[in-house]
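Chain by chain, the residues:
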Amino acid sequence: MAPLISGHISGWIKALYSRCGPVICAVAGVFFLSASPVLATQGHSGIEGVWVHQFAHLFFLFSMGLLIFWLRRAGLVKKTAWRYIQNAAFFFIIWNADAALVHFLEEQLIAVEMTMVGGGQVRIDLLRGSDWISVIYYLGKLDHIFCVPAMICLMLGVRRMLADHRHETAARGEIP
Amino acid sequence: MIASFSPIWWVDVAGSLLMIIFAFISLGYCLRLRRLDAADIVINYLFWVCGALSVFAISRSVGHLLKQMLLLAHREALWLSIQPISGAVNTCTFIVVASVTLFFERNWKIYGTIVKDRHELEVAHEKLLYLNQHLEQLAENRSAALVASEHKYRQIFEVSKDMILVTHTDGQIITINPAGRQLMNEGQDSQTSVEGKEFQQFLSGPQDWYAISRQIQINGSIINEELDLALRDGTRRRVLLSGSIARTLAEEAATFHFLIKDIQQRQLMQKQMAQADKLASIGEFASGIAHEINNPLGIILGYTQLLLRSEDPAADQYQDLKTIEKHVQSCKTIVEDLLNFARTSAPSREKSNIHAIITDTIRFVRHHGNPDAIQIETDFSTDLPFIRMDEKKIKQVMINLLTNAIHAVGDEGRIRILTRLTPSGDAISVAVADTGHGIPKENLTRIFDPFFTTKPTGKGTGLGLSVSYGIIKGHGGQIQVDSEVDKGSIFTFLLPVQPVISAR
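Counting restarts for each chain, with residues numbered from 1 along the sequence as it is written. Going through the entries in the order they are written, you letter the chains from A and number the ligands from 1. Given that this is a predicted model, residues contribute local features only at a pLDDT of at least 70 and side-chain atom pairs are listed and counted only at 80 or more, while totals for whole chains, interfaces and linings are drawn from all residues. No hydrogens and no water enter the side-chain calculation; it runs on all heavy atoms of the structure.

1. Overview of the confidence of the model for chain B
Logical step 1: The quantity known as pLDDT measures the predictor's confidence residue by residue, on a range of 0 to 100. In the predicted model, chain B carries a mean pLDDT of 85, and 93% of its residues have values of at least 70.
Logical step 2: Confidence metrics for the complex model read pTM 0.45 and ipTM 0.74.

Rendered as structure tokens:
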């Protein structure tokens, strides 16, 4: 059986070579014989890192939205612990949007530039766009006002879940 | 735009510190939760989220704090070399949090199914364990319950007064309860087995079984079907049959289950009640007419007798008036009989011996033309009490019954008079039995009707039995007849020992 199959395959290769052999030889000749830069490994310098970071922010945002959707659909938000976690997800969504916006203005659009000018003051230079972008940028820099509440809600949710878990364990008569 | 740097600085520094604190507190709670249930998918999810966010908080916050410090120290170059590392770690933590969240719902569902299955397995395991430990006791309980159940249903089967019958679909009797066996063997040995015989043998109509089985096969049951059973002693019994088809595990083929109720007595009672109702109605009617006729008859009779006083007995007119008087008397007798039937006057009761009344009556009847060929026998019970009754009226009843019996037996025959105390002891029964021609079935329901007679015209008024019926009812008793053509009749009346006060 095996010799039969191998014989069949070799026959097929021979047929292909007889038909396409000249074309394959011509293409290989172009690649190997002409002078050009070596591109075996792709470089990741420049703006690419910012893009990856931005995608990560959007992925995070999307997953938090999905989490809220699932929690509501499953009716878990009736429980206090999950309600806290839902609030955490909501703050994380806002924070991700805020952080992604600031990154975009600062590193992708390059619309603003912030410089220390001394005396506890900063100067925000608008490189392109309208004046309100400076205000948005300034407020957006205060992103901790979103991520800290998110973290607090997450902590409260986990704490409540721990308390509930202990209560249920005690109710079952087990040692927590 | 020039703005204050301090809000950004304070929020950045304080926020970074708070992020670290809360992230690690959360992680601590998650670790405690994991210690409680390491396999819980929700706890694992939260652990991964909190862990990633803790790493993020460290990376980002330390980065921000370093940034602030290095910028203040004018070491921007150093910060620029650290910044990509911090950013890369942050990116990784975002992806970790988002990834575990993305698969959380699916994992949660799978975990839910696993937990449910595990719970079911645990329950099944516990049940098996319990069954293993208590198998013997459970088997004993079950056996006891089965025995109790079998006993209960066996009792129902055994003590039921109605026939319970199980047959094959072809009518072959599989089992029958004692009441059914007794009914089937009426007049024979009640223990004779009827199992194995065909039920259709006991049905009077040849098409009955076909109709019954067909209806059960089509509808699954038959309800309250009236039919006659042909019993072994040759008699028929009216029954109400209900049945259904059943297929049990024990019986491979389908079987018919029947419940058969004997309604003969009930039907007889219904007929008697209908008869009583009819006679009561006729009585009211007769009473109304008799009252209306009685007064004019009295006047006619009075004037006739007045005229008779002034007439010469040898005169023709005197004879005419005597004829009028005779017929008016005859009419008055009929009217009085009707009033007796209608029980308009209460009987005047005195304590009397029924045997003395019967003996007087027999003597009277013998004296008034009883052929010698007719034997009148008596069978008196010795323990009959004296009862309160209207002696004259009871005598009239006895005369009527004896006269009818003599007419029935014709020239030669036997009349038997029996007295008994009823089994309950609350009444005495007097039966007048003859060996005469009997009464046809179609006449049995009419014999107590006024003016109903089978005698030739002029031989009887048809009021004898009606009057007897009225008198016995007036005493709170009952009168009934059993008769068979060419074999004879038995008239039986019951008189209560404690007389019931008649409503009329």
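Still more to cover.
2. A look at the layout of surface pockets
Which parts of space are left empty comes out when a probe the size of a water molecule is rolled across the atoms.
Logical step 1: Taken as a whole, the largest pocket holds about 1600 Å³ of empty space.
Logical step 2: For cavity detection a 1 Å grid was placed over the protein atoms alone, and a set of points counts as a cavity when a 1.4 Å probe fits there but cannot get out; an open set counts as a pocket when protein lies on both sides within 12 Å along at least five of seven lines, with lining residues being those that have an atom within 4 Å of a point. Glu106(A), Lys141(A), Lys67(B), Trp79(B) and Gln83(B) are the residues nearest the centre of the largest pocket, which is lined by 48 residues in total.
Logical step 3: For the lining of the largest pocket, the element with the most residues is helix α3 (residues 76-159) of chain B, which contributes 11 residues.
Logical step 4: Side-chain classes are defined by residue name, with Ala, Val, Leu, Ile, Met, Phe, Trp, Tyr, Cys and Pro counting as nonpolar, Asp, Glu, Lys and Arg as charged, and the others, Gly among them, as polar. Considering only residue class, the lining of the largest pocket consists of 23 nonpolar, 16 polar and 9 charged.
Logical step 5: Grid points are joined across faces, edges and corners, and a volume is the space filled by probe spheres set on the points. Within this model, the second largest pocket holds a volume of roughly 1300 Å³.
Logical step 6: Labels follow the DSSP assignment, with helices taken as runs of H or I lasting at least four residues and strands as runs of E lasting at least two, numbered in each case from the N terminus. Mapped by element, the contributors of at least two residues to the lining of the second largest pocket are α6 (264-310), α10 (441-444), α11 (464-474) and β12 (478-484) of chain B.
Logical step 7: Per-element tally for the lining of the second largest pocket: the top contributor is α6(B), with 12 residues.
Logical step 8: A breakdown of the residues in the lining of the second largest pocket according to their chemical character gives 13 nonpolar, 9 polar and 8 charged.

3. Observations concerning the confidence of the model for chain A
Logical step 1: Chain-level pLDDT for chain A is 80 on average; 74% of the residues reach the 70-or-more range.
Logical step 2: Counting contacts from residues 1-5 of chain A, a segment whose pLDDT is below 50, to residues more than four positions away or on other chains yields 0 contacts. Contacts between residues were defined by any pair of non-hydrogen atoms, one from each residue, lying within 4.5 Å.

4. Brief notes about the packing of helix α8 (residues 354-367) of chain B against helix α9 (residues 391-409) of chain B
Angle between the axes and distance between the axes are the two parameters that describe a pair of packed helices.
All names here are of chain B.
Logical step 1: In the contact formed by α8 and α9, the axes pass within 9 Å of each other and the chain directions differ by 50°. Classified by the interaxial angle, the pair formed by α8 and α9 is oblique. Classified by chirality, the crossing of α9 by α8 is right-handed. For the pair α8 and α9, the contacting residues are Ile354, Ile357, Ile358, Asp360, Thr361, Ile362, Phe364 and Val365 in the first and Glu391, Ile394, Lys395, Met398, Ile399, Leu402 and Ile406 in the second.
Logical step 2: The class makeup of the residues in the contact of α8 with α9 is 11 nonpolar, 1 polar and 3 charged. To get an axis, a line is fitted to the C-alpha atoms, and for a helix only the part in contact is used. The angle between two axes follows their N-to-C directions and goes from 0 to 180 degrees. Roughly parallel means an angle under 35 degrees; roughly antiparallel, over 145; roughly perpendicular, 65 to 115; everything else is oblique. Here is the rule for handedness: rotate from the far helix to the near one, and if that takes an anticlockwise turn smaller than a right angle the crossing is left-handed, while a clockwise turn gives right-handed.

5. Considering unusual backbone geometry
Residue and element names in this part refer to chain B.
Logical step 1: For Asn224, which is not glycine, the phi torsion reads 50° and is therefore positive.
Logical step 2: Along the chain, the position of Asn224 falls in strand β4 (residues 221-230).
Logical step 3: Positive phi is not limited to glycine here, since Asp486 has a value of about 70°.
Logical step 4: Burial classes follow relative accessibility: with a 1.4 Å probe on protein chains only, a residue under 20% of its type's maximum area counts as buried, one over 50% as exposed, and anything between as partly exposed. Under the relative-accessibility criterion, Asp486 is labelled exposed at 65%.

6. Here we look at the packing of aromatic side chains
Logical step 1: Only Phe, Tyr and Trp rings are paired, with Trp represented by its six-membered ring, and only when their centres lie within 6.5 Å; those with planes under 30 degrees apart are stacked, over 60 edge-to-face, the remainder tilted. Counting across every chain of the model gives 19 aromatic pairs over all chains.
Logical step 2: Seen in terms of ring centroids, Phe256(B) and Phe258(B) are 6.1 Å apart; in terms of plane orientation they differ by 75°. Their pairing is edge-to-face. Of the two residues, Phe256(B) and Phe258(B), neither departs from the other in class, the shared state being buried.
Logical step 3: Here a set of aromatic residues connected by ring pairs shows up, and it is made of Phe60(A), Phe92(A), Trp95(A), Phe56(B) and Phe94(B).
Logical step 4: Placement of a positive charge over a ring is assigned whenever Lys NZ or Arg CZ falls within 6 Å of the ring centre and within 35 degrees of the normal to the ring plane. Against the face of Phe47(B) rests Arg34(B), its NZ or CZ located 4.6 Å from the ring centre.

7. Comments concerning the pairing of strand β6 (residues 255-262) of chain B
Residue and element names in this part refer to chain B.
Logical step 1: Strands were regarded as paired on the criterion that DSSP finds at least two bridges between them. Bridging between strand β2 (residues 163-168) and β6 involves 6 bridges; their strand directions are antiparallel. Looking across to β6, one finds that Leu165 is bridged to Phe258.
Logical step 2: Examined bridge by bridge, strand β5 (residues 236-246) and β6 share 8 bridges and lie antiparallel to one another. Among the inter-strand pairings, Val239 is bridged to a residue of β6, identified as Asp262.

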